[in-house]
Amino acid sequence: MGKIFAALLVIVGFVYAKPEIIIEDPWVRAVPPTAKNTALFMVIKNVGDEADILIGVKTNISKMVSIHKTVNQNGVMKMVHVDRLPVPAGKSVVLKPGGYHIMVMGLKKDIKAGDNVKFTLIFEKSGEITIKAPVKMK
Ligand SMILES: [Cu+2]
């Protein structure tokens, strides 16, 4: 009896384990009208019990969007493209200036402080999550 109950618990746990993604404090850096690029920052929180992975981002304000990481290569700060950004279960990943960020390249229109920009974040398990990020001077 005890064995069957334990087995059932394992099955139930397996079925219901899932990531639960919460996006906190998203913001886009305000840039001068001549600028072609900007970046999106946020905290990606996974309050679920399974890991998830950010695999892509979409927006219609720019030609391209890419997950970037700023790295220090022999004293020179460089940005490198990241295909997959893992968000472990119960953990948060912080996207901030000087670290991970979503690079927004080839702006199609001017953005200014106070605007809100729509982005769709694509997660491997949770699917698409649409957010509105305010444009801020920071
Ligand atoms: Cu970048």
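Before any of the text, the structure's been laid out above.
Basis of the calculations
- Residues numbered from 1 in each chain as written.
- Predicted model: local features only at pLDDT ≥ 70, side-chain atom pairs only at ≥ 80, totals over all residues.
- Heavy atoms only, no water.
- Donors = N, O, S within 2.8 Å, 3.2 Å for Na, K, Ca; no water.
- Tetrahedral: all angles 85-135°; square planar, octahedral: opposite > 155°, others 65-115°.
- Buried < 20%, exposed > 50% of the residue type's maximum accessible area, 1.4 Å probe, protein only.
- Helix = DSSP H or I, 4+ residues; strand = E, 2+ residues; numbered from the N terminus.
- Salt bridge = Lys/Arg side-chain N within 4 Å of Asp/Glu carboxyl O.

### Some words on the coordination of the copper ion
Inference 1: His68 (ND1), Met79 (SD), His101 (NE2) and Met103 (SD) make up the full set of protein donors to the copper ion, lying at 2.1 to 2.3 Å.
Inference 2: One can describe the donor arrangement at the copper ion as tetrahedral, given that its four donor atoms subtend angles of 91 to 122° at the metal.
Inference 3: Using a relative accessible area of 4% as the deciding quantity, one classes His101 as buried.

### Some points on unusual backbone geometry
Inference 1: A positive phi is found at Asp25, a non-glycine position, where the angle reads about 50°.
Inference 2: Inspection of the secondary structure assignment puts Asp25 in strand S1 (residues 21-29).
Inference 3: Since its relative accessible area comes to 60%, Asp25 is described here as exposed.
Inference 4: The backbone of Asn74 sits at a positive phi, close to 50°, despite the residue not being glycine.
Inference 5: Within the secondary structure, Asn74 is located in the loop between strand S4 (62-73) and strand S5 (76-81).
Inference 6: Owing to a relative accessible area of 81%, Asn74 belongs among the exposed residues under this scheme.

### Quick notes on the pattern of salt bridges
Inference 1: The full count for this structure, using the stated rule, is five salt bridges.
Inference 2: A salt bridge links Glu128 to Lys58; its shortest N-O distance comes to 2.9 Å. Of this pair, Glu128 sits in strand S10 (residues 127-136) while Lys58 sits in strand S3 (residues 52-58), and the two are 70 residues apart along the sequence.
Inference 3: The exposure class assigned to Glu128 is exposed, which follows from its relative accessible area of 51%.
Inference 4: For Lys112, the salt bridge goes to Asp115, with nearest N and O atoms at 3.4 Å.
Inference 5: Classification of Lys112 as exposed rests on a relative accessible area of 55%.

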